Every structure is written in structure tokens, then in C-alpha cells.
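Spelled out from the first residue to the last, the chains are:
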Amino acid sequence: MYDFVVVGAGPAGSRFARRAAEEGYDVLALEQGSVGKPLACSGHVSTDLWEYLPDGTRKELLQNEISGARFHAGGPDSEAHPFYTDGVISNVIDRVGLDEHLAHAAREAGADLREGHTVTGVEEAADHVLVSASTPDGSAEFRARMVAGCDGPVSRVRRALSIPEPDELLHGVLGFEETEDGSEFVDVHLTAPRFFAWRIPRGEAGVEYGLAAPPGERVRELFDDFTEEYGVDTVDFCSGAIPIGPPERVTSDRGFLIGDAAAQTKPFTGGGILYGMTAADHAAERIDPADPGTLSDYESAWREDLSREIRLGTWLRRAYSLPEPIQTAGLRAVSGEIGVHMDRPTTLLSRDHLRALLRS
């Protein structure tokens, strides 16, 4: 009998497995394939990331430092509206390497993290959960006091526990171009339906191009048109779902969701690495596997921390669907130096941001 079975060893799952193991719990983490593969999402993150990683990791993962973003209401030749700081606002990292380092940290803390284990079922009983999985040696069953669903936007754990679905699933695509680019600005194009397309310089690792939109919007065709406008041919194309809008609950009798499975993502960018690991810390600090009542403590804690950011992020996203002339006028009016944290839209109201606006 484990204390926790963690389904999925992405950033949220590995972070929770590490923190729970450090608390002295017996933790089994199951990853259906190899950790970090296939690539799940963009590697553009806030500098807060390093607080969640062991010392020395930054040198191995960092690819580029970013000081701002150029927003466009149209394509690459349209007017650019820069938003910037006088320092580093975000980092571009080796995204596969991030998962590998977080998984290693979980193992070092004492978690039993197994790759090649595909969870096929989850059943709750009065005093335990039973997790079924397909393994390299055949089928297996694992008993635990609780199960943590960290298995991404299309979560098997979520369905098995009858936890409600996210409000929305976007379709995101990525591709890479190998030309070295160490520039300090990302480019954001408000040209995709109800979302945006992006270009991220990755230093010696090349350039990332991406786009997200609601399913059914010919996303691959839109991506091909976008990269054609830039005049590039991309390689290592990947595609996946982006959950937006957490359900009204992310817990059951003996289970809980973290990260993309819980739609703990930024509605205005789709990013969820930091939100997922933040929620993982709340779960590890508050959930006692012997006391199902503590699941409500987790629900309260992560929502108190992130729900205001998510609500404001939802409002920001609505600007992506405004008519192009209004977008252009708005971008011209507010572009310039900023004092905003990329994971915390509430910092739009901060003193740092107001001071930056006055200097611009």
C-alpha cells in the first residue's frame, strides 16, 4: 500500500512526487512513456522556475534570456508594439531536459518513478484506490491511499474519478527552425482565432514557432501559413491539447488533479508549468493520504493562490478577439516599458508596473 500513486511525471507530477517523498510518504509515480518525451509544450518560462529546481540546473537547461515581447495585430511584416523591461523578464529552456531534471529530483527524494507504465484504470474504495497499468512486463495493479492525477489535459484519472472537464481545450502546435538566434524579444501575433501565434528565439538551439486555436480551426494549416510568412521550414513538429479554465472541483473521495489535468494554466498564454508546480506544492503541504478531509484544504489553497490570476487572465485573453483596428490602437497606447510578472497578471496593477508606465 503506497501513500500516493502519481499518474504522470511531467513538471506537476514530478514536483508533487518529490515534495511528498520529502514529507516522508511512500510515493509511486507512473509515466506512460519516457520522461519528457514527446515534447509537451513551449519552453518559455518565467525566471521563477529556478526556485523549483536543484542548484546548478540553470546552467544545463538555459537556452536564452528574454527581456520583452513584440506584439503584432498582423503577420511578421505588421507593426510591432514592444513591451520590455531593462532586465531579464523570462527564460527559454530545454523543455525535455526540464522534465528529466524534475524526475531525477523526485527519485533522489525517494519517489519510485517508473517509466513505460500506462495507467488503464483507477477505482476508488472506502479506504484506498486501485490503479491498473500496462507495464513492460505485462499488466499490474497498485494500491494506494490516494491517487494524484498529473496526466495532462486529456486525463484518464479525471475521467475515472468523474471529475468535471476543463472549460475548454485548445489545439496547440509547435515546430522548430535550426538557425541560431540569441535575440532578447519574443514575437506574439494576434492572428490565430481566439488565441495567438508566437516566435521564440532559443539561442544556439534555434527558433521555436507555435500557434494555438480552438479545435476545428484548421490549426495545422494556420501554422503552415504562419511559418510561410516568416519564410522558414520547421522540423520536429508536435501537437497537443491546452486546457483552459479549471472545473469547479479537482478532487474526488481519494483522488486529486494537479497541473494540466486540473487546467491550472494561464488562460492568456496556455502555459502551465509554474501554475502546476505551485499547485503541486500546495498539495504536498496540505494533503494527508490517511485523511481524505484534507483534500478540501488543497482545493482551497491552490484556488486562493491562483484563481484571481486565472480570472484576470481570462479577461486579458478576450482582447485577442477584438477587431484588428482596436487591437492596434490599444497596443500603440500601452506599449513600452512594463513592470509585469508573466505568470501574475494581477501585477498589471502593481506599483512597479505603474512606475514603468510613467517612465515610458
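Only a predicted model underlies this, so the values are computations on that prediction, with no experimental measurement involved.

It is at 8 Å that the axes of helix 6 (residues 273-286) and helix 7 (residues 295-318) come closest, and there the two elements cross at 155 degrees. Comparing the axis directions of helix 6 and helix 7 gives the class roughly antiparallel. Taken as a pair, helix 6 and helix 7 cross one another with a handedness that is right-handed. Here Tyr275, Thr278, Ala279, His282, Ala283 and Arg286 of helix 6 lie close against helix 7, whose contacting residues are Asp297, Tyr298, Ala301, Trp302, Asp305, Leu306, Glu309 and Ile310.

A few words on the nonpolar core. The nonpolar side chains of soluble globular proteins are, as a tendency, buried together. In this structure, Phe4, Val6, Phe16, Phe256, Ile258 and Tyr298 are the most contacted members of the largest nonpolar core, which totals 50 residues. Ignoring any residue separated from it by four or fewer positions in sequence, one finds Phe16 in contact with Phe4, Val6, Ala148, Phe256, Ile258, Ala280, Ala283 and Ala284. Membership of the second largest hydrophobic core comes to 24 residues, among which are Ala69, Leu174, Phe176 and Phe268.

What follows concerns the pairing of strand 14 (residues 197-201). Along strand 14, five of the five residues are buried, which leaves the element largely enclosed by surrounding structure. Of the two faces of strand 14, the one lined by Ala197, Arg199 and Pro201 and the one lined by Trp198 and Ile200 are each fully buried. Taken together, the three bridges between strand 13 (residues 185-189) and strand 14 define a ladder with antiparallel strand orientation. Looking at the pairing, Val188 lines up with Trp198 of strand 14. As paired strands, strand 14 and strand 15 (residues 207-213) are joined by five bridges and run antiparallel to one another. Within the sheet, the bridge partner assigned to Ala197 lies in strand 15 and is Leu211. Between strand 14 and strand 15, which pair antiparallel in sequence order, lie five residues; one of them, Gly203, sits at a positive phi of approximately 65 degrees.

Position of Gln264 relative to the elements: it lies in the loop between strand 17 (255-257) and helix 6. Judged by relative accessible area, which is 0%, Gln264 ranks as buried. Engagement of the side chain of Gln264 in a polar contact is seen with the side chain of Tyr298, the distance being 3.2 Å. For Gln264, the residues in contact, after removing those within four places along its chain, are Leu257, Ile258, Gly259, Gly272, Tyr275, Gly276, Ala279, Tyr298 and Trp302.

Glancing now at the sheet that holds strand 4 (residues 62-66). The antiparallel open sheet is built from three strands, whose spatial order is 3-7-4. Among the strands making up the open sheet, the edge pair consists of strand 3 (44-46) and strand 4. Ignoring strand direction, the axes of neighbouring strands in this sheet form an average angle of 35 degrees. With four bridges joining them, strand 4 and strand 7 (residues 90-93) adopt antiparallel strand pairing. Bridging from a neighbouring strand, Asn64 pairs with Val92 of strand 7.

The rules behind the values
- Residues numbered from 1 in each chain as written.
- Predicted model: local features only at pLDDT ≥ 70, side-chain atom pairs only at ≥ 80, totals over all residues.
- Heavy atoms only, no water.
- Axes fitted to C-alpha atoms, helices over the stretch in contact; angles between N-to-C directions.
- Helix = DSSP H or I, 4+ residues; strand = E, 2+ residues; numbered from the N terminus.
- Parallel < 35°, antiparallel > 145°, perpendicular 65-115°, else oblique.
- Left-handed = near helix turned anticlockwise from the far one by under 90°.
- Contact = heavy atoms within 4.5 Å.
- Core = buried A, V, L, I, M, F, W, Y, C linked by side-chain atoms within 4.5 Å.
- Buried < 20%, exposed > 50% of the residue type's maximum accessible area, 1.4 Å probe, protein only.
- Pairing = 2+ DSSP bridges.
- Polar contact = N/O pair within 3.5 Å; in protein donor to acceptor, adjacent residues only side chain to side chain.

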